[in-house]
Each structure stands twice: as C-alpha cells, then as structure tokens.
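Structural overview
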Amino acid sequence: RRGTEVDVAVAPALRRPVAINHVEQESGPSYAVLGGLVLTELSMGYLCEWQEWFHNAPRRLTHLAVFGQRQSAEERPVVLTSILLHAINKGYNQSEVPFTEQRVVRVGGAPVVNLRQLLEAVAADAGPAIIPELE
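In this report, we go over the structure that sits alongside the text. Throughout this document, residue positions are counted from 1 along each chain, in the order its sequence is written. Where local features are concerned, this predicted model is filtered to residues with pLDDT of at least 70; where side-chain atom pairs are given and counted, the filter is 80 or more; whole-chain, interface and lining totals use all residues. No hydrogens and no water enter the side-chain calculation; it runs on all heavy atoms of the structure.

Some words on the overall build of the protein chain
- Starting at the N terminus, helices and strands are each numbered in turn, a helix being any DSSP run of H or I of at least four residues and a strand any DSSP run of E of at least two. Each helix and strand counted, the protein chain has 4 helices and 6 strands in total.
- The linear arrangement of helices and strands in the protein chain, starting from the amino end, is β-β-α-α-α-β-β-β-α-β.
- Under the scheme applied here, a residue whose accessible area is under 20% of the maximum for its type counts as buried, over 50% as exposed, and between as partly exposed, the area being computed with a 1.4 Å probe on protein chains only. Relative to its full complement of 135 residues, the protein chain shows a buried share of 31%.
- Residues count as neighbours in contact if any of their non-hydrogen atoms are within 4.5 Å of one another. Restricting to contacts in the protein chain with at least 6 residues of sequence separation, those with at least 24 account for 63%.
- Accessible surface area values rest on a Shrake-Rupley calculation with a 1.4 Å probe, where residue burial reflects the displayed protein chains alone. Split by element, the accessible area of the protein chain, about 9,400 Å² in all, is 55% carbon and sulfur.

This is the structure in structure tokens:
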C-alpha cells in the first residue's frame, strides 16, 4: 500500500449458529429412538443440561456450538445422547470408548443434515442394520 488509502468492499453476512435455541422455536426439542439409540439435534437447551455448559459440556459439542457455522438453513447437527439397554445394543453402553455425546455425521453413507433427514434416510434404507457414523 505504501501509505495510500484503499477502498475495500466487504459483503456483510449473518452468522448462522449451529446450535438452535428452543426458546425461539414454536415446538420443543425433537428426539428420536432408533434401536435403542437416543438422538436429538444440538441445541443450547441440550448443552445447558451441563449447568456451566461452556466448561462442562463435551468439548466437541461446545466447540461446534460456539464456532460452528451452518452450511444451509436446514442444517442442525444430530447428537447421539444415550444408548438404552437392550440386547440389540449389547456392549455399546459398556464400551471403553464412549459412543454417546457425539455428533452423527453419516447414516447409510449419506451425510446427516438434521434429525428429520436422518429419519427419512433410515426409513428409506432396506438393509438389515442401520449403522450411524460418529464424528
């Protein structure tokens, strides 16, 4: 620049946070149970279950809520919240590797956009087992 003024055009953009706020929605949080896997969309209400969520909630989810940006208006990260005890899930809830509190990124090989889309993908899959891929 060498001391000369430069005009720069910057396009304003709205920040679209990934974690939704259920207080602003007409309906409450959505949950789904698939073969004993309890799923929900990442929300501030969910994170607040850890009291001081910024310090106590799982780090991956906190980072996603604070710094994540939606790629589309429909995108809402889906989280595996818990695994119910059942023969179909035997061993998953007793694993040394925690499967819960993780984002579901794919199901049936397709990227997960939101809970509704995940349920539609599961309903359309005729396979004997639906295996979600976690982040």
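Side note on the pairing of strand S4 (residues 102-107)
- For two strands to count as paired, DSSP must find a minimum of two bridges between them. Pairing geometry for strand S3 (residues 78-83) and S4, over 3 bridges, is antiparallel. Each bridged residue has a counterpart across the sheet, and for Val79 the counterpart in S4 is Arg103.
- Direction of pairing for S4 relative to strand S6 (residues 132-134): antiparallel, over a ladder of 3 bridges. The residue of S6 that forms the bridge with Val104 is Leu134.
- In the sheet, S4 pairs with strand S5 (residues 110-111) via 2 bridges, with the strands oriented antiparallel.

A closer look at helix H4 (residues 115-124)
- Among all positions in H4, only Leu115, Gln117, Leu118 and Val122 are buried. Each buried residue of H4 lies within a common arc of 160° when the element is viewed along its axis, so the set occupies one face. Of the exposed residues in H4, the ones pointing more than 90 degrees away from its buried face are Arg116, Ala123 and Ala124. Directions from the helix axis toward the C-beta atoms define the arc.

With respect to a nonpolar patch on the surface
- Residues enter a patch when their relative accessible area is above 30% and they make no salt bridge; the linking distance is 9 Å between like charges and 5 Å between nonpolar side chains (Val, Leu, Ile, Met, Phe, Trp, Tyr). Salt bridges are defined by distance alone: a side-chain nitrogen of Lys or Arg within 4 Å of a carboxyl oxygen of Asp or Glu. Taken together, the side chains of Val6, Val8 and Val10 define a hydrophobic patch exposed on the protein surface, amounting to about 320 Å² of accessible area.
- Note on placement: Val8 falls in the segment before strand S1 (31-34).
- Using a relative accessible area of 63% as the deciding quantity, one classes Val8 as exposed.

Quick notes on unusual backbone geometry
- Backbone geometry places Gln51, a non-glycine residue, at a positive phi of 60°.
- Locating Gln51 in the fold gives a position in the loop between helix H1 (44-47) and helix H2 (53-56).
- A positive phi is found at Glu101, a non-glycine position, where the angle reads about 60°.
- Mapped onto the elements of the fold, Glu101 is located in the loop between S3 and S4.

Section: the packing of aromatic side chains
- Working definition: rings of Phe, Tyr and Trp (its six-membered ring) pair if their centres are within 6.5 Å, and the pair is stacked with planes under 30 degrees apart, edge-to-face with planes over 60 apart, and tilted otherwise. This structure, assessed with the given rule, holds 2 aromatic pairs.
- Taken together, a centroid distance of 5.3 Å and an interplanar angle of 85° make the contact between Tyr46 and Trp50 edge-to-face.
- Taking the relative accessible area as the measure of exposure, Tyr46 reaches 10% and is therefore buried.
- Residues Trp53 and Phe54 carry aromatic rings whose centres are separated by 5.9 Å and whose planes lie at 80° to one another, so their mutual orientation is edge-to-face.
- By relative accessible area, Phe54 is classed as partly exposed at 41%.

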